[in-house]
Amino acid sequence: MKPPLQLLSLAAVLARGWAYKTVSDDTLRHIPGPGDDFDIHKGALLAPILRPRVSGTENNTLVLRHFIDFFKTNLPEWRLELHNSTSTTPTSHGKEIPFVNLIATRDPPGTNVGDVGRLAMVAHYDSKLTPKGFIGAIDSAAPCAMLMHMARTVDAALTKMWEAQKDNLNDLEGAKGVQILLLDGEEAFVSWTATDSLYGSRALASDWEHSYHPAMSTYRTPLDSIDLFVLLDLLGSAHPTVPSYFKTTHWAYKHMATIEERLRKLGLFKSSPNHPNRMAKRKNKKPREEKQFLFEKDKKNSAFIGGFVEDDHVPFMKRGVDILHLIPNPFPVGIWHEMADDGEHLDMDTVDDWTLLVTAFVAEWMDLEGFFDFKAQKRKAEEKTEL
């Protein structure tokens, strides 16, 4: 992504807020963390992504294969699509470089594609060409792993909810699905320009703008089907501060910020200075001031400055899609686009906290309260470990 140097225009669209159910404290307490799956050396989800994975390289393909295998093995109900495009780059000497986006979609059974509005959860999976050997743990291996864990956590609850609604699924107004976009080619090969960046997202947004659903569909195109585009980037360093960038989606930011407040009060945020494990190590047990990741819940209307950070949301934003951009400002000092952005420099408590927060947000959006069976999930995870 490009550092915040210039303002971009935002299409004047109305934010559509769902009247979704708040998840209970009990649900928040029992949402599973990623545990060993986020081990940077051997974790089943995160470790395979922690490698240089420049677009068009073998490692890039291996990481894409990792995503596909994960969904096919663990989440067979998700519909997988590969979106392919090619482009020359400033370093390709006229050669067309392939860019492959992975689209994983979970819609209510029996509904038509054009009649489902979706929550799009997004991260890019490629890494920067320079410096040589750059890993990109916050940028954006960790966000990709967060989305994988989120999908695995909510999947059974989605099935249970839709099974309970099976007699009237086709009669529901505003049927909702969830979509994960793992995008290729976000990084510039030389320096950030309109043509040397966002290769995968530019191609996907352009194609989706002109891919029409059947006549009489609720949504005209796949772009129209996106009710909210939530982009995760540069997440995994300690003490992030993430502003609310867009007035049109401040309602969604506030919902997520409220979940964060609740998680902190329940003592579930590992990076919090008041988490029980941290309190136990301190002589002074007096609670310390909490600094939220999402610190602008009460932001005034006049203070929104729009999409001044260029990232994968831009091609979608220009076409009228509502954006919730989860990226710190300032960028992590000494980490962003430096060799230090590797697994060893991830703050794993912060990674776990973002994973919990994003999962809880999706659970609320999808109205999953009452449909989780955490005991069954735990048994399934234990059985998998034994194998």
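Worth saying up front: this structure is predicted, and the values here are computed from it rather than measured. (Residues numbered from 1 in each chain as written. Predicted model: local features only at pLDDT ≥ 70, side-chain atom pairs only at ≥ 80, totals over all residues. Heavy atoms only, no water.)

Draft legend 1. Up close: the sheet that holds strand β1 (residues 79-87). One open sheet holds the 6 strands; their spatial order is β1-β2-β4-β3-β5-β6, and the pairing between them is mixed. Of all strands in the sheet, those with a lone pairing partner are β1 and β6 (323-326), marking the two edges. Averaged over all adjacent pairs, the angle separating strand axes in this sheet is 20°, with direction ignored. Relative to strand β5 (residues 226-232), strand β3 (residues 117-124) is paired through 5 bridges, and the arrangement is parallel. In the sheet register, Met 121 faces β5, and the bridge partner there is Val 230. (Pairing = 2+ DSSP bridges. Helix = DSSP H or I, 4+ residues; strand = E, 2+ residues; numbered from the N terminus. Axes fitted to C-alpha atoms, helices over the stretch in contact; angles between N-to-C directions.)

Draft legend 2. Region of the structure containing the layout of surface pockets. In this model, the largest pocket occupies a volume close to 1100 Å³. Elements represented by at least two residues in the lining of the largest pocket include exactly α2 (58-74), α3 (137-164) and α9 (374-386). Per element, the largest residue contribution to the lining of the largest pocket is 10 residues, and it comes from α9. Among the residues forming the lining of the largest pocket, the class breakdown is 13 nonpolar, 11 polar and 12 charged. (1 Å grid on protein atoms, 1.4 Å probe; cavity = no way out; pocket = protein on both sides within 12 Å on 5 of 7 lines; lining within 4 Å. Points joined across faces, edges and corners; volume = space filled by probe spheres on them. Nonpolar A, V, L, I, M, F, W, Y, C, P; charged D, E, K, R; others polar.)

Draft legend 3. Focus on the side chain of Asn 274. Looking at the element boundaries, Asn 274 is found in the loop between α5 (250-265) and α6 (276-280). A distance of 3.0 Å separates a polar atom in the side chain of Asn 274 from a polar atom in the side chain of Glu 290. When neighbours within four sequence positions are excluded, Asn 274 is seen to be in contact with Met 279, Arg 282, Pro 287, Arg 288 and Glu 290. (Polar contact = N/O pair within 3.5 Å; in protein donor to acceptor, adjacent residues only side chain to side chain. Contact = heavy atoms within 4.5 Å.)

Draft legend 4. Representation of the nonpolar core within the structure. Judged by nonpolar contacts, the single largest core of 101 residues is most densely connected at Met 121, Ile 180, Phe 229, Leu 294, Phe 316 and Phe 361. Looking at this core element by element, the count peaks at 16 residues for α3. Look past the residues within four positions of Phe 316 in its chain and what remains in contact with it is Ser 201, Leu 204, Ala 205, Trp 208, Leu 223, Ile 226, Phe 229, Val 321 and Ile 323. One finds Val 54, Ile 97, Phe 99 and Tyr 199 within the second-largest nonpolar core, a separate group that totals 5 residues. (Core = buried A, V, L, I, M, F, W, Y, C linked by side-chain atoms within 4.5 Å. Buried < 20%, exposed > 50% of the residue type's maximum accessible area, 1.4 Å probe, protein only.)

Draft legend 5. The arrangement of the packing of aromatic side chains in detail. All chains considered together, the criterion is met by 13 aromatic pairs. With a centroid separation of 5.8 Å and 55° between ring planes, the pair formed by Phe 71 and Trp 78 is classed as tilted. Across the pair, exposure class does not vary: Phe 71 and Trp 78 are buried alike. Plain terms: the ring middles of Phe 99 and Phe 189 are 6.4 Å apart, the flat faces sit at 75° to each other, and that makes the pair edge-to-face. (Phe/Tyr/Trp six-rings, centres within 6.5 Å; stacked < 30°, edge-to-face > 60°.)

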